[in-house]
Amino acid sequence: MTPERSRRRPWLWLLGAFLLVVLTAALAASFALARLSRELPSVASLRELQLAVPLRIYSADGRLIGEFGAERRALLRYDELPPQLIGAFLAAEDDRFFTHPGIDWQGLLRASFKYLSTGEKSQGGSTITMQLARNVFLSSERTFTRKFKEILLAIRIERELSKEQILELYLNKIFLGERAYGVGAAALVYFDKDVGALTLGEMATIAGLPKAPSRDNPVASPERAQARRDYVLRRMRDLGRVSQQDYQAALEEPVVVRPYRAKVDVEADYVAEMARAELVAQYGEDAYARGFVVTTTIDSARQAAANAALRNALLEYDQRHGWRGPESRIEPALLQPGRERELARAFERLPTIGGLEPAIVTDFRADRVSLVTRQGSLTLAKPAFEWARLSVEKNPLQPGEVVRLQVTSAGARLAQVPQVQGALVALDPADGAIQALVGGFDFYAGKFNRATQARRQAGSGFKPFLYSAALENGFTPASVLLDAPVVYDDPGLESSWRPENYGGDIQGPMRLREALVQSRNLVSIRLLQSIGVATARDYVPRFGLPQDRLPQDLTMALGSAVFTPLELARGYATIANGGFVVDPYFIREVRDSSGRTVFAAQPRRACAECAEPQPPASGATDPAATPAPADPSLAPRAIDPRTIWMITDILHDVTVRGTAAKVAQLGRNDLAGKTGTTNDETDAWFNGFQKHLVAVAWVGFDQPTPLGRGEVGGRAALPAWMDFMRVALKDVPQETLPRPAGLAEVRINRNSGRLAAAGDPAAIFETVPQDRIPEPEDAAAQRRDETDGLQDLY
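Along each chain, the written sequence defines residue order, and numbers are assigned to residues from 1. The predicted origin of the model limits local features to residues at a pLDDT of at least 70 and limits the giving and counting of side-chain atom pairs to 80 or more, whereas totals for whole chains, interfaces and linings rest on all residues. Only heavy atoms go into the side-chain values, all of them from the structure, while hydrogens and water stay out.

What follows concerns the overall build of the protein. A tally of helices and strands in the protein yields 23 helices and 22 strands. In the protein, the share of contacts with a sequence separation of at least 24, taken over all contacts with a separation of at least 6, comes to 69%. Only the protein chains shown count as cover for residues, and all accessible areas are computed by the Shrake-Rupley method using a 1.4 Å probe. Summed over its atoms, the accessible surface of the protein is roughly 37,200 Å², and 52% of this surface lies on carbon and sulfur atoms. Every helix listed is a DSSP run of H or I at least four residues long, and every strand listed is a run of E at least two residues long, numbered separately from the N terminus. Note on contacts: a residue pair qualifies if any of its non-hydrogen atoms lie within 4.5 Å across the two residues.

Let us look at the confidence of the model for the protein. Mean pLDDT over the protein stands at 87; residues scoring 70 or higher make up 84%. Per-residue confidence from the predictor is reported as pLDDT, a score between 0 and 100. Note that pLDDT drops below 50 for residues 28-36; the model gives that stretch 5 contacts with residues more than four away or on any other chain. Across residues 616-625, where pLDDT falls below 50, the model places 22 contacts with residues more than four positions away in sequence or in other chains.

Quick look at the sheet that holds strand E11 (residues 434-438) now. Taken together, the 5 strands give an open sheet; going across it, the order is E11-E10-E20-E19-E18, and neighbouring strands pair in antiparallel fashion. At either margin of the open sheet sits one strand with a lone partner, and together these are E11 and strand E18 (672-677). The average angle at which neighbouring strand axes cross in this sheet is 5°, direction not considered. Any two strands with at least two DSSP bridges between them are considered paired. The pairing of strand E10 (residues 421-427) with E11 spans 4 bridges and is antiparallel. By the bridge assignment, Ala426 is partnered in E11 with Ala436. Lines fitted to C-alpha atoms define the axes here, with helix axes fitted over just the stretch in contact, and angles between the N-to-C directions of these axes take values from 0 to 180 degrees.

Sulfur atoms of two cysteines make up a disulfide when they are within 2.5 Å. Following the criterion strictly, the structure yields 1 disulfide and no others. Here Cys607 is linked by a disulfide to Cys610, with a sulfur-sulfur distance of 1.9 Å. Taking the sign of the S-S torsion, 75° for the link of Cys607 and Cys610, the bridge is right-handed. Per-residue accessibility, obtained with a 1.4 Å probe over protein chains only, is compared with the maximum for each type, and a residue is labelled buried under 20%, exposed over 50%, and partly exposed between these values. Assessed through its relative accessible area of 23%, Cys610 is described here as partly exposed.

With that settled, the discussion passes to helix H20 (residues 565-576). Expected helix span is taken as 1.5 Å per residue step, with the number of steps being one fewer than the number of residues. Over its 12 residues, H20 runs 16 Å from end to end, which matches the ideal 16 Å to within 8%, given 1.5 Å per residue. Extensive coverage of H20 is indicated by the burial of 11 of its 12 residues. Within the sequence span of H20, burial applies to Pro565, Leu566, Leu568, Ala569, Arg570, Gly571, Tyr572, Ala573, Thr574, Ile575 and Ala576.

Spatially, 5 strands are ordered E2-E1-E3-E16-E17 in an open sheet, and the strand pairing comes out mixed. Either end of the sheet is taken by a strand with one partner, and the two such strands are strand E2 (64-68) and strand E17 (597-600). The sheet shows a mean angle of 15° between the axes of neighbouring strands, direction not considered. Of the strand pairs in this sheet, strand E16 (residues 587-591) and E17 are connected by 3 bridges, and their pairing is antiparallel. Pairing of Glu589 across the sheet is with Ala600, part of E17. Along the sheet, helix H12 (residues 269-283) makes contact with strand E1 (55-58), E2, strand E3 (293-296), E16 and E17, crossing E2 at roughly 45°.

A separate point is empty space enclosed by the protein. Rolled over the atoms, a probe as big as a water molecule pinpoints where empty space is left. Here a cavity means grid points, on a 1 Å grid over the protein atoms only, where a 1.4 Å probe fits yet cannot get out; a pocket means an open set of points with protein on both sides within 12 Å along at least five of seven lines; lining residues are those with an atom within 4 Å of a point. Grid points are joined across faces, edges and corners, and a volume is the space filled by probe spheres set on the points. With the rule as written, the count across this model stands at 2 cavities of 30 Å³ or more. Estimates place the volume of the largest cavity at around 60 Å³. In terms of lining, the largest cavity is formed by 13 residues, of which the most central are Glu267, Asp269, Tyr270, Asn307 and Val438. If you list the elements that add at least two residues to the lining of the largest cavity, you get H12, helix H13 (300-320) and E11. Considering every element that reaches the lining of the largest cavity, the biggest residue donor is H13, with 3 residues. Only Asp, Glu, Lys and Arg are considered charged, only Ala, Val, Leu, Ile, Met, Phe, Trp, Tyr, Cys and Pro nonpolar, and every remaining residue, Gly among them, polar. Residue composition of the lining of the largest cavity, by class: 6 nonpolar, 3 polar and 4 charged.

Turning next to the pattern of salt bridges. A side chain of one charge can pair with a side chain of the opposite charge when the charged atoms of the two come close. Salt bridge, as used here: a side-chain nitrogen of Lys or Arg that lies within 4 Å of a carboxyl oxygen of Asp or Glu. The final tally for this structure, using the stated rule, is 45 salt bridges. Between Arg276 and Glu273 there is a salt bridge, and its shortest N-O distance comes to 2.7 Å. Of this pair, Arg276 and Glu273 both sit in helix H12, 3 residues apart, which is roughly one turn of the helix. Note on Arg276: relative accessible area 18%, which makes it buried. Between Arg657 and Asp653 there is a salt bridge, with the nearest N and O atoms lying 3.0 Å from each other. Note that Arg657 and Asp653 are positioned in helix H21 (residues 641-657) at a spacing of 4 residues, about one turn of the helix. Among the ionic contacts, a cluster of salt bridges with common partners joins Arg511, Arg513, Glu514, Asp649, Asp653, Arg657 and Glu766.

Along its 21 residues, H13 runs 30 Å from first to last C-alpha, staying within 8% of the 30 Å computed at 1.5 Å per residue. Among the 21 residues that make up H13, 15 are buried, leaving the element largely enclosed by the rest of the structure. Among the residues trailing H13, Gly322 stands out with phi positive, at a value near 95°.

Describing two packed helices takes the angle between their axes plus the distance from one axis to the other. Two elements in contact, helix H2 (residues 83-93) and helix H6 (residues 163-173), have axes whose closest approach is 12 Å; the angle formed by their N-to-C orientations is 90°. When the interaxial angle is binned, H2 and H6 end up roughly perpendicular. Of the residues in H6, those in contact with Ile86, Phe89, Leu90 and Glu93 of H2 are Leu167, Tyr170 and Leu171. Residues that form the contact of H2 with H6 fall into these classes: 6 nonpolar, no polar and 1 charged. Note on terminology: angles under 35 degrees are roughly parallel, angles over 145 are roughly antiparallel, angles of 65 to 115 are roughly perpendicular, and the others are oblique.

A word on the nonpolar core. What we call a nonpolar core is a set of buried Ala, Val, Leu, Ile, Met, Phe, Trp, Tyr and Cys residues that are connected through their side-chain atoms within 4.5 Å. Membership of the largest hydrophobic core comes to 132 residues, with the highest contact counts inside it found for Trp721 and Phe724. Counting residues per element, this core draws most heavily on helix H22 (residues 713-728), at 9 residues. Residues Ile86, Ala92, Leu132 and Val242 belong to the second largest nonpolar core, which totals 44 residues.

Now for the packing of aromatic side chains. In this scheme Phe, Tyr and Trp rings, the latter by its six-membered ring, pair at centre separations within 6.5 Å, and the angle between planes marks the pair as stacked below 30 degrees, edge-to-face above 60, and tilted otherwise. Considering all chains together, one arrives at 18 aromatic pairs under this definition. Ring geometry for Phe686 and Trp721: centres 4.8 Å apart, planes at 70°, overall edge-to-face. Here the residue Phe686 occupies a position in strand E19 (residues 683-690), and Trp721 occupies one in helix H22, the gap between them amounting to 35 residues. As far as burial versus exposure is concerned, Phe686 and Trp721 are alike and both buried. An aromatic cluster of at least three residues, connected via ring pairs, comprises Phe462, Phe465, Tyr539, Phe543, Phe563, Tyr572 and Phe689. Only Lys NZ and Arg CZ are tested; either one counts as a charge over a ring when it is within 6 Å of the ring centre and within 35 degrees of the ring normal. The ring of Phe441 carries Arg311 above its face, with NZ or CZ at 5.9 Å from the centroid.

See the structure below:
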């Protein structure tokens, strides 16, 4: 071998080594690509649209009350997608979509250079095709393996599908926030429109979402959504996809969200939200897509009655307290001919609230108001706005001012959205099934559910529980206590406590029946003092009321404990059903998309006729003293049936001649209940029942504020209860609890409460326990004489 050839040999070795490395790398890359390719799904599966069936909630009689989750009923075809919407997405996400092969090599190089120079990974270079691959099949993790898979799948998609098919799939599958997948769902979720009805500004808003759909959507952040929209619009203008005029007009559009509302059969939004929360707590986000069908306990007719009853009561209260003025104003120029489109947009920003339609004043005269609504023009005669005490001289309505109309079968009437709030809940005392529930004037104006979340002082509505405790501890309806001033000195208070009756009057000695019928505060305090605060705190929880809310002082007698309307309804259900504690519930059944039952309620029911343990002895106050029934489907009896019958009889008198005497207008003799009013008329209640239905109505401000002098339970809350019961008890036969054994009807003196002598003109009938029959009036008089005689001896 020559020296020259010997010098060349190392270069040959280096070349061979290099070629071997390249070949090895190529083989490794080939194997890696083959392996990654095998892990990728087929493009054909892209076309298999997985229908996400929403969560639907129904009343007990099968009427839709709520729907959650966007349903993909079918793919929107490419020719059904507005060109401007396509243009908006291309401008925002991939303006070279129709010219590149699925991969934006320039963007990938930029992302690579950034990684090499800063060490930061980025999503640069993601074309629409790559987004489709990633969003449908791949995770969102930022790894090189995922990026390679994304590139490979994008290439495969581009090879097998046309550009139009890719765009069609992308715009139907892309996640756009608020559980909306695809532009069709997004148009509904954000604007309650079909895609063909979207404005340019709305299209740009949706097209701006893919970058950060949960953060930038107009529900989560209107400011971010507007900034993204404006960016998309600028891109469209710069790319020549919209004219300068259209661009400017779209910029001036306000970002107004009109969330999609399912076309429900009966309005029960608070209940629907309760059901939604329960399902999501159980199944997480899957609850929105698995096609669950929830059947509630809601009676649709009673729910509709509850909605109307509460709203009418709140509107009546609001109108008693005067006109507050228009709620807003638009430019009067929008009322001129030729501005109809702008006027329509103004109405889009004025949602219906609690059934009150927006209207805009066009003219005001002393005897009439001219208005324009969504439907057209109308004129109100003076009787329709007389309550507001408007006048041309002092407080005239001006053109452009926005007011509200209450539309009924009798016509339209001027109204205003009440500042006061309320709640109404009704349940079946037999098993606790909620029949109707309204948590406020309008769910979409505020989702706080006052029926289940607002803990408010019960006021005199608490007294039946206290009086029941007294009846279990030696008192009878004939027992007499003194209605007279009391003063309590408490070192913990800055001054003495001097409670009063409502109205400030006193009536001297009173029987317990009369004291509860007339809701006498001073008698109630003395009654609590007699049986003891500890005894009352141990006994009252038998009605299902939480013990930890009960005060440990005499203010308990005046209802200072706080409860939700639903909690009080449970307490009154224990009275209505004869003394059984039932658990309120509102979901009767849940089925999945295949019809399989995944949940069925098993409520405990009250059953006086069923075999059951005896109630605790009179005077027992330990809740644990009530043994559980052998049959787990039966509710435990917690209260002596004699006590229940006596307290129900007294509460019936409340509705006949007491603080709720208006109830007699319903023309039934099987109703009972109790008004409730707290200090300074801050809370107004009516808690009432019939054997088969309990209903509680509450009225008050969310931030405790006096309702105004005279706004007691019998005025502010009772009308809602009556309007509801008038409908709810239609065709329901009258029925009362049978009188149990162990009670006796006796003649007593109405003043002393003792057995009346023959011929006593003050004699009345009263029902008392057989083992607590009052002593005769004559015997009592004789004992007083003997006592006086013994005192004379000393």
